[in-house]
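So you can see what is in the structure, the chains are spelled out below.
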Amino acid sequence: MKKLKILITNDDGYEAKGLRCLIEALKDIADLTVVAPATEKSACGHSLTLTRPLRFVNVDDNFHKLDDGTPSDCIYLALNSLFEGTKPDLVISGINRGSNMGEDITYSGTCAGAMEAVLHDIPAIAISQVVDFAVSNNDYTLACETIRELVLKISRGVFPLPHREFLNVNIPMGVTEAKMMVTYAGYRFYANDAHLHRNPRGEEFYWLGLHPLAFKPREKYAGLCDYDAIEQGYISLTPVHLDLSAYHSMNKLEEWL
């Protein structure tokens, strides 16, 4: 069995519980390098920082925080600066506090870390834990067991996805064991949830609110979507590719022109 070199990032910041649990779950079976944002970067999407310099700050052996960097920055700069002439065998982004399903994948900094990796021809996994945001001490045990099992499976063979595809994993809440289910990304419903406040000087500002998890399946696909799998207590494994072309609309667009 090959001992993998794994580069880890997240979007919850370098002090996040999910990140620490991920490191603990893998440290005895893989060589880990951790580069995580210095602050939370949830919902930052696949953004790179181009308007200011970035700085690595050493936290521990092979553990760095990137001062005000995004997950994409973390992967991009780690590959450029910490893996001179080599590449990691695998990138893992997570364990995220909260789900990343359906079109939320496009917002997700967690998924963006995996996206950046596959752009550089490195296999990648994004892993997220469905949580109760009203609870501070959510459990990551099943997520840790799952990612450990996946890493061991990869180390014994090959990564299961082709070029420029990453694996998006979501873990159900409140279960101690669950079967893995291959899923597709569901159709997410969105609302406009912004909360107006005023500071003591009367100046207005807004907090963007959390959307409730509301999905529907995509009727043209067989099997379960990620949300349905989570609702039924399964671990959701969704292959995600970066080609956003709407091939089915090309002929219609040609006719329109």
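Residues numbered from 1 in each chain as written. Predicted model: local features only at pLDDT ≥ 70, side-chain atom pairs only at ≥ 80, totals over all residues. Heavy atoms only, no water.

Asks: Even after reading the chapter, I still don't get the state of the cysteines, so can you show me in this structure?
Replies: Across all of its chains, the model carries 0 disulfides by this definition. This cysteine, Cys 111, is not joined by any disulfide, and Cys 44 carries the nearest cysteine sulfur, 11 Å off. Cysteine Cys 225 shares no disulfide, and the gap to the nearest cysteine sulfur, in Cys 111, comes to 15 Å. The class of Cys 225 is buried, set by a relative accessible area of 0%. (Disulfide = S-S within 2.5 Å. Buried < 20%, exposed > 50% of the residue type's maximum accessible area, 1.4 Å probe, protein only.)

Asks: What's the story with helix H1 (residues 17-26) in this structure? I'm lost.
Replies: Side chains of residues three or four places apart in an α-helix project in the same direction, reflecting 3.6 residues per turn. Buried residues of H1: Gly 18, Leu 19, Leu 22, Ile 23, Ala 25 and Leu 26, and no others. Relative to the axis of H1, the buried residues are bounded by an arc of 165° and lie together on one face. Tucked inside the fold, the buried residues of H1 contact strand S1 (4-9), strand S2 (30-37), strand S4 (63-66), strand S5 (90-97) and helix H5 (141-156). (Helix = DSSP H or I, 4+ residues; strand = E, 2+ residues; numbered from the N terminus. Arc of directions from axis to C-beta. Contact = heavy atoms within 4.5 Å.)

Asks: Just to check I follow, could you spell out the pairing of strand S10 (residues 194-198) for this structure?
Replies: In this sheet, strand S11 (residues 204-208) lies alongside S10 in antiparallel orientation, the contact comprising 5 bridges. Its bridge partner being in S11, Ala 194 is matched across the sheet by Leu 208. Following S10, the chain reverses through 5 residues before pairing antiparallel with S11; Gly 202 in that reversal takes a positive phi of roughly 85°. (Pairing = 2+ DSSP bridges.)

Asks: Which parts of the structure should I look at to understand a nonpolar patch on the surface?
Replies: Among the surface-exposed residues, Leu 48, Leu 50 and Tyr 76 lie close enough to one another that they form a single nonpolar patch of about 330 Å² accessible area. Mapped onto the elements of the fold, Tyr 76 is located in helix H2 (residues 71-81). (Patch = residues over 30% accessible without salt bridge, like charges linked within 9 Å, V, L, I, M, F, W, Y side chains within 5 Å. Areas by Shrake-Rupley, 256 points an atom, 1.4 Å probe, with all protein chains shown as cover. Salt bridge = Lys/Arg side-chain N within 4 Å of Asp/Glu carboxyl O.)

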